[in-house]
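The lines below spell out each chain.
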Amino acid sequence: MKKITYPKQVLDKMQDIVDNCMGDAPPYCQATCPMHTDVKGYVNLIGEGKHKEAINLIREKLFLPATLGRICAHPCEEKCKREEAFRQPMAIAALKRFAADNYDDKKDWNLTIEVEKPQKIAVIGAGPAGAQAALDLRRKGYKVTVFERLQVVGGMMRVGIPEYRLPRHIIDHEYSLLKDIGVEFKMGVEIGKDISFESLKNDFDAVIIAVGAHKGVVIPIPGHDLNGVLNAVDFLREVSLTRKYDIGKKIAVIGGGNVAIDVARSARRVGAEEVHLVCLESRPEMPAHDWEIEEAEEEGIILHDGFGPVKIVGNNGKVSGFEIKKCVSVFDEDGKFNPKYDENVKKILDVDNVVFAVGQAVDNSFDQEGDLETIRGGKFKVDPITLQTKIENVFVAGDASGRSVIAIEAMAEGRKAAISVDRFFNNQDMLEDREYEGAYETWLETDLKEDDIDIPRIKTTQRDPKERVKSFEEVDLGFTEEQAINEASRCLKCECKLCMKECEMLGDYCECPKDLFENILKTGEVDPIIPYSCNMCSQCTIACPKDFEIKDRFMDIRKLMIKANDGKSPIKGHGAIEVHQALGFSKLFNTARPAKK
Amino acid sequence: MTVKTKRVFIPGCSLPSYNPEAVKRTLEYLQEKLPGTGAILKCCGKPTKALGQVDKFKERYSQFQAEVDKLGAEEIIVACQSCYMTMSEYSPNQKVTSLWQLLPEIGLPKEAIGKGKDSDIVFAIHDSCPTRNVKSIHDGIRWIMNELGYKVEEPPHTRENTRCCGFGGMVVPANPELALRVMKRRTSEMKSDYVVAYCAACRESMVKGGKKAVHILDLIFGETWNSKSEFPGVPGSPVTSWANRYKSKKNINKVLK
């Protein structure tokens, strides 16, 4: 057979399949995960009882599986098909925790690195963004030093997220990978104080700023300067480091997010007996997760949803009360933050402290010269694709650029910064092929199948609220093996591949049509047995959400092969058809009779 | 005086190779109901088309078309679903009718009606995939089965959603192992051990897939089929098929003497 040259119209139709086939589209959970954890993969391994394989698969993407299994805000679960269909998403994070807690073995950790390289990188901050950047760059063979102001690693996971949600030994254990792989840590060293930012820039080939947002914000309402007004960041840091805080018996927290909940619940554990949570949003609109609100209420937190601050009442310079008023709407018609109040509905809470949990700002004071541009909240301005600042060897990752809100996003930003630093060192294009870093929208479109029924999500066991408020011991006890397997078995295994399930032959030759035609387009070649194994039955097209006429593509190829093979089929077995055809047209077997007279 | 050949019955290739008697009885019945019906036994060239032999198909089809035109037929009556599709596309001047669309209009032979009502078996219906979008053919087959009185089973994939029997696309000579898998997958979704097809190639595939299978013309012109009947197998060699084809030719010539 001569080499085939494909006409443009034939190529275009194959290209259409390559461009639009969803056969290789990642499931919603995986695309939504900023670190692209193979959720479907590990969840189903757990479902099959292959827990060890599950944790190994998780570790291919995440070095903090036990940590994230506890505190990840799991945007993946919000995009789970079971959430969309039944409001009962897979308990992805809890399954991760199950695999990590019970089957993670330090002996299996991957400590390999590429060949040692001369460049040195300084990472400021040992939170999730800094740690991920450090890990990725060390794996590339670079020399990485992490500078951390505190004596402990983990950043906001350590001094923001309370201990009852994330026991500290887990962070230390999981972070030990970084030390084992050769990342150097300088603990208790503050840039801008102990070492100047200037000298860091000079002594290292690149700097990644991952300082997080550790500056509490206080809204300047009347009374904000009274004794007893606190901010969430300082409060949580102090509680995290000491398990203590000198706080009154009755307190109010203002804010409707997860941090406000953390403050309220932590306050219960350091002695507050009456904790009021005040937020502008009505309960369903609160940014905090539903289950966090529920857990707080179980611990006796009194919710004042739909209320905003009027003033903090003082007595002798100290907080003695908090006046609040009904908030009727938070956003205006244009979607802007513009709360409207009903001035006739007011309450005064009798409290000793008011804690503001209304956001965090970046402490950028280490950049004393003001070399870097900043935006709202003290955040550093970066190129959104590369995370590069206007100083070409300085990059910013995580909350410090304002581009992440949760730990897993911060890690993805750390990874992005690491990719940029590596490209920068190698003089590579900084912008090319970066659209699938971090969370993205998958091109997968699936519908529920007939037998996909609503099976309720399995909840993890929690310690008794009355007991748990007495200490910082972990509240959530995680899944038992039986629970984990049952929960994992609910996975809908989202994928397209409908044609692959319908067609017997495609599965012999490809993962999906995209894979098959991509290969043909790339190599210009295809084994004749492939187009000649199609039954031309159209069942693939019927199954295909994009209605691809795959049989017609195979017919295009058949025709070209016949042309390239002097009019004959390239398939040996088709010789018999030649004989049949000759006979089928021979006088011996033909007749044509007119109607009877 | 010559009677004008208004229409022509084209039994196709696989049916004459399978059952020359059915070809004869069909043609006789058409003579009775629709005088002015001629017949052509000739391949339409579809196998060349399926292989991608564009030029050869054109040449073959024009030979076939010449025979139709020579007889002056305005309507083609086909018993093969590939013929139906091919001729509908390439013979724009003729009206193409499937035998399975025609029979509900002209009725079954009297002696066939109710023939299967006492049978102890259920026939799973296998629809041919080329005519998956021709609902009137599917309806016709069900109508015929109902007239005959046989009990039927609709497999999960049926009518417009039917699955290939495994024979399509000339896969059998190219990739016999795959074709057999497709055949077995098709038969595995049918509960009954008995299948009725309306394409002789499909019927053969059903047998290879492990079922006892008949062509619907076997039901119309044969005796009552039941669990004691001996069902037709697969041809032992191509010689058998060609011998049948030759008999079919003779039968046509005999009927249209």
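Residues numbered from 1 in each chain as written. Chains lettered and ligands numbered in written order. Predicted model: local features only at pLDDT ≥ 70, side-chain atom pairs only at ≥ 80, totals over all residues.

As annotated in an unreviewed UniProt entry, chain B carries the name Cysteine-rich domain-containing protein and comes from Paramaledivibacter caminithermalis.

Named according to an unreviewed UniProt entry, chain A is NADPH-dependent glutamate synthase beta chain originating from Paramaledivibacter caminithermalis.

Turning to the sheet that holds strand E6 (residues 229-231) of chain A, a few remarks are in order. Residues and elements named next belong to chain A. In space, the five strands of this open sheet follow the order E6-E13-E7-E8-E9, with parallel pairing throughout. In the strand order of this sheet, the two ends are held by E6 and strand E9 (302-305), each with one partner. Between one strand axis and the next, the sheet turns through 20° on average, direction left out of account. Relative to strand E13 (residues 353-356), strand E7 (residues 250-254) runs parallel, the two being bridged by four bridges. For Val 253, the partnering residue across the bridge sits in E13 and is Val 355. (Pairing = 2+ DSSP bridges. Helix = DSSP H or I, 4+ residues; strand = E, 2+ residues; numbered from the N terminus. Axes fitted to C-alpha atoms, helices over the stretch in contact; angles between N-to-C directions.)

Now for the domain arrangement of chain B. Residues and elements named next belong to chain B. Per the domain assignment, the segments of chain B are domain 1 (7-105 + 237-255) and domain 2 (108-221). The C-alpha centroid of domain 2 is placed 20 Å from the C-alpha centroid of domain 1. Listed by partner, the interface residues are 23 residues for domain 1 and 21 residues for domain 2. Within the residue set of the side of domain 1 that touches domain 2, elements represented by two or more residues are helix H1 (14-18), helix H2 (20-33), helix H3 (46-51), helix H5 (81-90) and helix H6 (99-106). Counting residues per element, the side of domain 1 that touches domain 2 draws most heavily on H2, which supplies five residues. Class assignment of the residues belonging to the side of domain 1 that touches domain 2 gives a composition of 13 nonpolar, eight polar and two charged. (Domains from an automatic or database assignment. Contact = placed C-beta atoms within 7 Å. Nonpolar A, V, L, I, M, F, W, Y, C, P; charged D, E, K, R; others polar.)

What follows concerns the UniProt feature "domain: Cysteine-rich" (unreviewed entry) in chain B. All names here are of chain B. Using the residue numbers shown here, the UniProt feature "domain: Cysteine-rich" (unreviewed entry) corresponds to residues 9-87 and 124-203. The span residues 9-87 carries 63% helix and 14% strand; its end-to-end C-alpha distance comes to 13 Å. As annotated, residues 124-203 comprises 44% helix and 12% strand, and the C-alpha atoms at either end are separated by 12 Å. (UniProt positions renumbered as here; feature names shortened; annotations may be inferred.)

Moving on, we get to the pairing of strand E1 (residues 120-124) of chain A. Sheet faces and side chains relate simply in a regular strand, where the side chains alternate between the two faces. All names here are of chain A. For E1, the tally of buried residues reaches four of five residues, placing the bulk of the element in the interior. This β-α-β element, E1 to helix H9 (residues 128-139) to strand E2 (residues 143-148), shows right-handed connectivity. With four bridges joining them, E1 and strand E4 (residues 206-209) adopt parallel strand pairing. Residue pairing for E4: Val 123 is matched across the bridge by Ile 208. (Buried ≥ 20, exposed ≤ 12 C-beta atoms within 10 Å, placed from the backbone. Right-handed = clockwise from strand over helix to strand, strands pointing away.)

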